[in-house]
Protein chains: 4
Amino acid sequence: MAGLEPRGLALGETEYTTMDAPTLRVTIWNEYLHEKTNEAVKLIYPNGIHGALADALTSQLGADVTVRTATLEQPEHGLTEAVLAETDVLTWWGHKGHQRVSDEVVDRVQASVLEGMGLIALHSSHVSKIFTRLMGTSGGLKWRDVGEREIIWCVKPGHPITDGLGDHFELAHAEMYGEMFDVPQPDELVFISWFEGGEVFRSGCCWRRGKGTVFYFRPGHETYPIFYDANVQRVIANAVRYVAAPTGCPSITSNCQNTEPLRPIASA
Amino acid sequence: MAGLEPRGLALGETEYTTMDAPTLRVTIWNEYLHEKTNEAVKLIYPNGIHGALADALTSQLGADVTVRTATLEQPEHGLTEAVLAETDVLTWWGHKGHQRVSDEVVDRVQASVLEGMGLIALHSSHVSKIFTRLMGTSGGLKWRDVGEREIIWCVKPGHPITDGLGDHFELAHAEMYGEMFDVPQPDELVFISWFEGGEVFRSGCCWRRGKGTVFYFRPGHETYPIFYDANVQRVIANAVRYVAAPTGCPSITSNCQNTEPLRPIASA
Amino acid sequence: MAGLEPRGLALGETEYTTMDAPTLRVTIWNEYLHEKTNEAVKLIYPNGIHGALADALTSQLGADVTVRTATLEQPEHGLTEAVLAETDVLTWWGHKGHQRVSDEVVDRVQASVLEGMGLIALHSSHVSKIFTRLMGTSGGLKWRDVGEREIIWCVKPGHPITDGLGDHFELAHAEMYGEMFDVPQPDELVFISWFEGGEVFRSGCCWRRGKGTVFYFRPGHETYPIFYDANVQRVIANAVRYVAAPTGCPSITSNCQNTEPLRPIASA
Amino acid sequence: MAGLEPRGLALGETEYTTMDAPTLRVTIWNEYLHEKTNEAVKLIYPNGIHGALADALTSQLGADVTVRTATLEQPEHGLTEAVLAETDVLTWWGHKGHQRVSDEVVDRVQASVLEGMGLIALHSSHVSKIFTRLMGTSGGLKWRDVGEREIIWCVKPGHPITDGLGDHFELAHAEMYGEMFDVPQPDELVFISWFEGGEVFRSGCCWRRGKGTVFYFRPGHETYPIFYDANVQRVIANAVRYVAAPTGCPSITSNCQNTEPLRPIASA
């Protein structure tokens, strides 16, 4: 990406920005716990999952995007009002630290989504506070981690998130997620996964919440190099474009009292 | 209703039960605040909005239903684990006491809905904690209270909640609620309201959450005798039947770990 | 089924009726071609697929249902105005005779669905005239017939069509249908199939059309004894109950001209 | 629009093209009957409704769009295979000539939509052959033409079709369309209209069919200058961008036989 300048902070706190504007402003959030304590994970994601995603988006979207990262252990988890105000799309990866995310930050992220910020919830974020907050359900599912094969099918022809894909793609080794998946029926069901052990899963789903769009995408366990997969990267890059910065009519996010009538009222 | 025996507790704590079983078990929740302090409201709903709704459901549904009531000021707001375990449908009316509902009870009610309990959210409950929890949105809208005329149109032919209705019905005087209504697009849009002052509103909406169904129904401001209206009563009675006691396959409401594969796995 | 009296007409024209009323009136339509010419199919379905389905529904639903059958080669394919007027639910099985179904009968069946008759389209009926007419799409899909294993997952907890099922069931040998399935996104997605060869399929889907409900159910190739499977029978019986005889507000099925205003018009 | 060159054919057969490429290629179809025989209509739309729409789109979208027109009385109604092959978005206006549109052309347009061509159905096209073909329903509704006031509310915050609009806009005089509107529940409900006489209507709706998107937009009776209204023009221009040229994964529009398995099959 032309103009990319990693600011070179401490590992895991790296920010990526560009000189070019206007671009889609993406904030990549990662709890960033496994990578610091689990040697196998550290080997796969030496700069953290957020680092791998930042590289992927900048390589996929180039000058169209400005990427920054944020992690659990930063003040306010790196998601201050100021950061969210400058974020068009927030991607979220959490796993074992869900309960450590403060409710105040969850409130703030939810409010931003209702105002139009896109949210891409990845893999184990299905039970993150922010995802279940926006769904109204538990996000529960079945899982099994034996490194089985996954085939991901497109079921929504022409959907922008499938741009550049064929009708399916494969992951040689993945954690399994199986139905039921406790989410509201998606507004758009984009992908369904097949697993070698016999399960299926609604792996790519969009929901509208206020002015914002939430995209859930299943792949991405920390012990597999899935975020280096070209198709996975393509999906996430497509999703960034898709959920970013809606330009239509404004939303309402709290009650508007004593609205003036547009027409005279006789019956009162 | 054959067998109905109001147990004659203090005003507002009345329970209605029947001798007959099995019936749909309905719990009518009302914050029960306006009726105790506002003389005009007390005049309209001398036994509380919950009392009026209890009468309405027993007269509409007879022996098919067992009705009990619960209010904000009861211990645990009257919604203990035991009560919810015996509830097929919970109706909810709140207004100025939303913030006084404890998060613990909201958690409990949400869990019951995901397990299959139906929830009917009435009028100003659009910003109640339980409704917004299940929606993931703010529930915000426009409002104006000048007693204008409302016409409610059925837009879902054959929907069970419209049973016995024509294509529309009218309320002579109502508080206005106008779009935008900050909710997810309903799974089923049943009613749209027309207001004399020029607004429209999605007045009857169903959403599935887990195994449960949520029905939002707009009419019902405390200063109008709307819960005595025959059509309104019919809608709520229909909705009780519709959202009660789904009998289909079970839901998942938390993660199920280490699921056994159904087919042998070779790739791992 | 108490009161069942097969009228004992020629093979394939058998009608099943009961003495009891009121019951759900089901008409089972089958093109009834393979069973008369293909010895293997004849062996599996000696009374035709319609005969097997009639037996299944009467055994599953007993006195709650009155079953009659109709086939392609009958006058008007057995679907006269009179028959449709007495039909609450029509099940459809067609395969190689789709183009022999007259457009006039398709018009008639479509009109009945819009007025509230339920339609259950089985297996290869995905490209029948009546199904694609109601969908507005081609119904196209991928297929392969090598007798592979299929696992059918419930993805809609509490849906009446899943009543009595666990979270999945299996078919040892089935024709494969794979995505993309060219249909509108279902109003309710109930089942997703897993196939041994790597594909997935939206195997159980509901759509509303006018006052009627259409349910598509994938299993049922003529060369497999799938309609004798207990789970398949249960699904079809559940679906009969689910799509039958909506009692809500009426539909509109043609333009209503010069509607009288409900409120005075000043602007004209 | 830079480069616009009306080719100046006979009235009603005018084609608008540009020198610039690549642009969105829009074909504006109009039955073009009222304008030739009704003096009042001719006065409002001297170049036909298609001429007014062509001017509107070129003025709204400039060099981003190439516009051509087609009418009922042209050979193949102006919608040859060649024209459709060069069309990204087709807008449709018909009223009294619906039955004169050949089924062959309807088949062709439907096939193009399934392959990804956008379709914008305007006003009385709710009962056109192509719209009802894609819906599977009658398109029936209530109507009254007394020139009453209409207020159109946005109910989908951030939807691209509402770009540049506030939360509502008004038409001083319009034909009324009222619910029920016999269409499948829209995938996206964008606008709801309020009418002075008491009705409401789902005035802006999107449905996906195959790879294509259908947008229905209510305003536009031939006896009102509605297609000159700035908000109406903005909506149609937004819709052209929204439904044009999806770039995602391919659709299936007929059966694909004997698909090769992706994984070995043991059970057969």
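Chemist: Quick rundown of the overall build of chain A? Include the residues and the values.
Modeler: When helices and strands are tallied, chain A shows 7 helices and 9 strands. Relative to a compact globule of 268 residues, whose C-alpha radius of gyration would be 18 Å, chain A shows 19 Å and is just as compact. Expressed along its principal axes, the backbone C-alpha trace of chain A runs to roughly 70 × 45 × 35 Å. Residues classed as buried in chain A amount to 66% of the 268 residues present. Sequence-distant contacts, at least 24 apart, represent 71% of the contacts inside chain A between residues at least 6 apart.

Chemist: Requested: an account of the pattern of salt bridges, with residues and values cited.
Modeler: All names here are of chain B. Enumeration according to the criterion identifies 82 salt bridges over all chains in this entry. In this structure, Arg-100 engages Glu-73 in a salt bridge whose closest nitrogen and oxygen atoms are separated by 3.5 Å. In this pair, Arg-100 sits in the loop between β3 (89-93) and α5 (103-114) while Glu-73 sits in the loop between β2 (65-71) and α4 (81-85), placing the two residues 27 residues apart along the sequence. Owing to a relative accessible area of 49%, Glu-73 belongs among the partly exposed residues under this scheme.

Chemist: Give a description of the relation of the copies chain C and chain D that names residues and reports values.
Modeler: Structural alignment of chain C on chain D gives an RMSD of 0.0 Å, achieved by rotating through 180 degrees and translating 0.0 Å along the axis. The two molecules are tied by a two-fold rotation axis, judged by turn and shift. Within chain C, the C-alpha atom positioned nearest to the axis of rotation is that of C:Gly136, 2.7 Å from it. Taken together, the interface assignments show that 100% of the residues at the interface of chain C recur at the interface of chain D, consistent with an identical surface on both copies.

Chemist: Describe the sheet that holds strand β4 (residues 65-71) of chain D, naming the residues involved and giving the relevant values.
Modeler: Each strand in a sheet pairs with its neighbour through backbone hydrogen bonds, running either in the same direction (parallel) or in the opposite one (antiparallel). Residues and elements named next belong to chain D. Reading across from one edge, β4-β3-β5-β6-β11-β10-β9-β7-β8 is the order of the 9 strands in this open sheet, with mixed pairing throughout. Either end of the sheet is taken by a strand with one partner, and the two such strands are β4 and β8 (168-178). Direction aside, neighbouring strands of the sheet carry axes that sit 25 degrees apart on average. Sheet topology note: the strand β5 (residues 89-93)/strand β6 (residues 118-122) ladder contains 4 bridges and is parallel. What sits directly across from Leu-90, in β6, is Leu-119. Across the sheet, helix α5 (residues 103-115) touches β5, β6, β10 (200-209) and β11 (212-217), and the angle it forms with β11 is around 115 degrees.

Chemist: Tell me about the interface of chain B and chain C, residues and numbers included.
Modeler: If you look at the interface, chain B gives 29 residues, while chain C gives 29 residues. Between chain B and chain C, roughly 2000 Å² of surface is buried when both sides are summed, and carbon and sulfur atoms account for 61% of that area. Together, B:Cys249, B:Leu262 and B:Arg263 form the three largest contributors to the area buried by chain B at its contact with chain C, with a combined 30%. Applying the counting rule to chain B against chain C returns 4 salt bridges. In this structure, B:Glu196 engages C:Arg263 in a salt bridge whose closest nitrogen and oxygen atoms are separated by 4.0 Å. Across the contact surface, chain B and chain C share 6 residue pairs in polar contact (both at pLDDT 80 or more). Listing elements by their share of the side of chain B that touches chain C, those giving two or more residues are β5 (142-154), β6 (168-178) and β7 (188-195) of chain B. It is β5(B) that contributes the most residues to the side of chain B that touches chain C, 4 residues altogether. Looking at the side of chain B that touches chain C residue by residue, the classes come out as 10 nonpolar, 10 polar and 9 charged.

Chemist: Could you give an account of the sheet that holds strand β4 (residues 118-122) of chain A, naming the residues involved and the relevant values?
Modeler: Residue and element names in this part refer to chain A. The strand order across the open sheet formed by 9 strands is β2-β1-β3-β4-β9-β8-β7-β5-β6, and the pairing between neighbours is mixed. The sheet terminates laterally at β2 (65-71) and β6 (168-178), the two strands that pair on one side only. Ignoring which end each strand starts from, the neighbouring axes of this sheet average 25 degrees apart. Bridge count between strand β5 (residues 142-154) and strand β7 (residues 188-195): 5 bridges; the pairing is antiparallel. Looking at the pairing, Glu-150 lines up with Phe-195 of β7. Of the strands in this sheet, β1 (24-30), β2, β3 (89-93) and β4 touch helix α3 (residues 48-61), which is tilted by about 175 degrees from β2. Each of β3, β4, β8 (200-209) and β9 (212-217) touches helix α5 (residues 103-114); the most contacted strand, β9, lies at about 115 degrees to it.

Chemist: If you had to explain unusual backbone geometry to someone new, which residues and values would you point to?
Modeler: Keep in mind that most residues, glycine aside, have a negative phi and that most peptide bonds are trans. With an omega dihedral of 0 degrees, the bond running from B:Glu179 to B:Met180 counts as a cis peptide bond. Inspection of the secondary structure assignment puts B:Met180 in the loop between β6 and β7. Unusually for a residue other than glycine, A:His77 sits at a positive phi of about 55 degrees. The phi angle at C:His123 is positive, at roughly 50 degrees, despite the residue not being glycine. By the secondary structure assignment, C:His123 is in the loop between β4 (118-122) and α6 (129-135).

Chemist: For the packing of α3(A) against helix α7 (residues 230-243) of chain A, give the residues involved together with the corresponding values.
Modeler: All names here are of chain A. α7 packs onto α3 with a crossing angle of 75 degrees between their chain directions and a minimal axis gap of 9 Å. The angle between α3 and α7 places the two elements in the roughly perpendicular class. The residues of α7 that touch α3, namely those facing Leu-53, Ala-56, Leu-57, Ser-59, Gln-60 and Leu-61, are Ala-230, Gln-233, Arg-234, Ile-236, Ala-237, Val-240 and Arg-241. Within the contact of α3 with α7, the residues separate by chemical class into 8 nonpolar, 3 polar and 2 charged.

Chemist: I'd like to hear about the interface of chain C and chain D, residue by residue, with values.
Modeler: In this assembly, 53 residues from chain C lie in contact with 53 residues from chain D. Taking both partners together, chain C and chain D bury about 3800 Å²; carbon and sulfur atoms supply 55% of that area. Among the residues of chain C in contact with chain D, C:Trp143, C:Ile252 and C:Asn255 are the three that bury the most area, contributing 16% of the side total. Taken together, the connections running from chain C to chain D amount to 32 residue pairs in polar contact (both at pLDDT 80 or more). Elements that contribute at least two residues to the side of chain C that touches chain D include exactly α5 (103-114), α6, β5 (142-154), β6 (168-178) and β8 (200-209) of chain C. Of all the elements, β5(C) adds the most residues to the side of chain C that touches chain D, at 7 residues. For the side of chain C that touches chain D, the per-class residue count stands at 21 nonpolar, 20 polar and 12 charged.

Chemist: Break down the relation of the copies chain B and chain C for me, with residues and values.
Modeler: You can overlay chain B on chain C at an RMSD of 0.0 Å; the transform is a turn of 180 degrees with a shift of 0.0 Å along its axis. Comparing interface residues between copies, 100% of those in chain B also lie at the interface in chain C; the contact surface is shared.

Chemist: Before we move on, could you go through the environment of C:Val200 and cite the residues and values that matter?
Modeler: Checked against the element boundaries, C:Val200 lands in strand β8. Residues C:Val200 and C:Glu179, 21 residues apart in the sequence, show an inter-C-alpha distance of 6.2 Å. Setting aside anything within four residues of it in sequence, one finds C:Val200 in contact with A:Trp153, A:Ile192, A:Ser193, A:Trp194, A:Val200, C:Tyr177, C:Gly178, C:Glu179 and C:Ser193.

Chemist: Outline helix α3 (residues 48-61) of chain C, supporting the account with residue identities and numerical values.
Modeler: All names here are of chain C. In this model, α3 (14 residues) spans 20 Å end to end at C-alpha, consistent with the 20 Å of a helix rising 1.5 Å per residue. Of all the 14 residues making up α3, 11 are buried; the element is thus mostly covered by neighbouring parts of the structure. Every buried residue belonging to α3 is among Gly-48, Ile-49, His-50, Gly-51, Ala-52, Leu-53, Ala-54, Ala-56, Leu-57, Thr-58 and Leu-61, and all of these are buried. Here the buried face of α3 lies against β1 (24-30), α1 (34-37), β2 (65-71), β3 (89-93), β4 and α7 (230-243). Gly-62 lies just past α3 and shows a positive phi near 55 degrees.

Parameters at a glance
Residues numbered from 1 in each chain as written. Chains lettered and ligands numbered in written order. Predicted model: local features only at pLDDT ≥ 70, side-chain atom pairs only at ≥ 80, totals over all residues. Heavy atoms only, no water. Helix = DSSP H or I, 4+ residues; strand = E, 2+ residues; numbered from the N terminus. Rg over C-alpha atoms; globule rule 2.2 N^0.38 Å. Buried < 20%, exposed > 50% of the residue type's maximum accessible area, 1.4 Å probe, protein only. Contact = heavy atoms within 4.5 Å. Salt bridge = Lys/Arg side-chain N within 4 Å of Asp/Glu carboxyl O. Least-squares fit on C-alpha atoms with pLDDT ≥ 70 in both. Pairing = 2+ DSSP bridges. Axes fitted to C-alpha atoms, helices over the stretch in contact; angles between N-to-C directions. Buried area = accessible area lost by both parts, 1.4 Å probe. Polar contact = N/O pair within 3.5 Å; in protein donor to acceptor, adjacent residues only side chain to side chain. Nonpolar A, V, L, I, M, F, W, Y, C, P; charged D, E, K, R; others polar. Parallel < 35°, antiparallel > 145°, perpendicular 65-115°, else oblique. Expected span 1.5 Å × (residues − 1).

Read these as layout, nothing more, since geometry by itself doesn't imply function.
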